Amino acid sequence: MTVHLEVAEGVGTLRLDRPPMNALDVATQDRLKELAEEATRREDVRAVVIHGGEKVFAAGADIKEMQAMDHTAMVLRARALQDSFTAVARIPKPVVAAVTGYALGGGCELALCADYRIAGENAKLGQPEILLGLIPGAGGTQRLARLIGPSKAKDLIFTGRQVRADEALALGLVDRVVPAGEVYTQAHAWAAKLAQGPALALRAAKESVDTGLETDIDTGLAVERNWFAGLFATEDRERGMRSFVEEGPGKAKFL
């Protein structure tokens with residue numbers, strides 16, 4: 001298998017395993033979708049880390065495989081390609097990408113599906129599809145523009161250039177830069193902390209933010225309002241407020 005789901009202490013790690021560069025061929029895309037859906041269903045997975053290993057996150061699509069595909073083949077495949085990445089983006093739990101080495105093309109698009117991105121000092125990110133006479137096809141034109149703004153996204157997409165970790169941080173493409181050897185450890189720590197939080201409230205927060213980015217503000221406010229009121233019916237809300245009143249802020253322990 002080219003992708004594995006490893007679960008420990010509430011954290012599920014989606015680990016790419018297709019040496020040497022974790023090229024995202026059709027089989028890997030399909031496996032990614034399958035395991036993202038499993039992580040969504042499993043109650044013992046409360047937060048997720050996406051990781052490609054110590055040397056490379058994912059260098060992009062399998063170009064040799066794509067070269068053999070004609071227009072008809074890609075018309076039939078393009079939706080499944082996007083669906084595999086969307087399955088990751090829609091995991092209703094906190095998701096962090098642990099980015100080491102290259103995250104290019106589909107690799108960058110996969111990192112964009114996370115809620116938070118921690119990059120190693122050796123990371124290089126980009127959308128080089130234009131250099132192949134193409135555009136990003138796994139969500140890059142949409143998620144990148146929403147994350148860093150349209151003009152900055154167009155610069156990266158139009159030129160196909162790679163950016164190092166420091167520039168990626170300045171652009172807002174990644175959220176934290178750490179030594180390469182600490183990327184997974186810090187990403188896991190981020191996920192493990194949130195895995196101890198109130199699962200339904202975290203789901204509500206993620207859905208409210210994501211829906212608001214995809215629609216008008218009135219619809220976004222309605223989603224927020226419904227979730228906010230609905231959470232008053234949960235045990236976690238009772239536990240959190242009781243702890244605040246009796247012990248002070250930040251001491252509640254959630255199941």
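Residues numbered from 1 in each chain as written. Predicted model: local features only at pLDDT ≥ 70, side-chain atom pairs only at ≥ 80, totals over all residues. Heavy atoms only, no water.

## Some thoughts on the packing of helix H9 (residues 199–214) against helix H10 (residues 217–230)
Part 1: The contact between H9 and H10 brings their axes to 8 Å, and the two run at 170°. Between H9 and H10, the angle falls in the class roughly antiparallel. Touching Leu200, Arg203, Ala204, Glu207, Ser208, Thr211 and Gly212 of H9 are Gly220, Val223, Glu224 and Trp227, all from H10.
Part 2: Class assignment of the residues belonging to the contact of H9 with H10 gives a composition of four nonpolar, four polar and three charged. (Axes fitted to C-alpha atoms, helices over the stretch in contact; angles between N-to-C directions. Helix = DSSP H or I, 4+ residues; strand = E, 2+ residues; numbered from the N terminus. Parallel < 35°, antiparallel > 145°, perpendicular 65-115°, else oblique. Contact = heavy atoms within 4.5 Å. Nonpolar A, V, L, I, M, F, W, Y, C, P; charged D, E, K, R; others polar.)

## Quick look at the nonpolar core
Part 1: Judged by nonpolar contacts, the single largest core of 45 residues is most densely connected at Phe57, Leu125 and Leu173.
Part 2: With five residues, helix H3 (residues 71–89) is the single largest residue contributor to this core.
Part 3: Setting aside residues no more than four positions away along its own chain, leucine 125 makes contact with Ala103, Leu104, Cys108, Arg161, Gln162, Val163, Ala168, Leu173 and Val174.
Part 4: Counting 14 residues, the second largest nonpolar core, distinct from the first, contains Ala98, Ile118, Val183 and Tyr184. (Core = buried A, V, L, I, M, F, W, Y, C linked by side-chain atoms within 4.5 Å. Buried < 20%, exposed > 50% of the residue type's maximum accessible area, 1.4 Å probe, protein only.)

## A word on the packing of aromatic side chains
Part 1: By the definition in use, this model includes two aromatic pairs.
Part 2: Where tyrosine 116 meets tryptophan 190, the ring centres are 5.1 Å apart and the plane angle is 5°; that geometry is what we call stacked. Linking tyrosine 116 in strand S6 (residues 116–120) with tryptophan 190 in helix H8 (residues 183–195), this pair joins segments that are 74 residues apart in sequence.
Part 3: A ring pair is formed by phenylalanine 228 and phenylalanine 232, whose centres lie 5.5 Å apart and whose planes are at 75°; its orientation type is edge-to-face.
Part 4: Among the residues examined, phenylalanine 228 registers a relative accessible area of 56% and is labelled exposed.
Part 5: What makes phenylalanine 232 partly exposed here is its relative accessible area of 39%. (Phe/Tyr/Trp six-rings, centres within 6.5 Å; stacked < 30°, edge-to-face > 60°.)

## What to know about the pairing of strand S3 (residues 47–51)
Part 1: For S3, a buried count of five out of five residues is recorded, marking the element as mostly surrounded by other parts of the structure.
Part 2: Neither face of S3 is exposed, since Ala47, Val49 and His51 on one face and Val48 and Ile50 on the opposite face are all buried.
Part 3: Pairing analysis gives five bridges linking strand S2 (residues 11–16) to S3, with the strands arranged parallel. Its bridge partner lying in S3, arginine 15 is registered against histidine 51.
Part 4: Alignment of S3 against strand S4 (residues 95–99), held across four bridges, turns out to be parallel. Within S4, the residue paired with valine 48 across the bridge is valine 95. (Pairing = 2+ DSSP bridges.)

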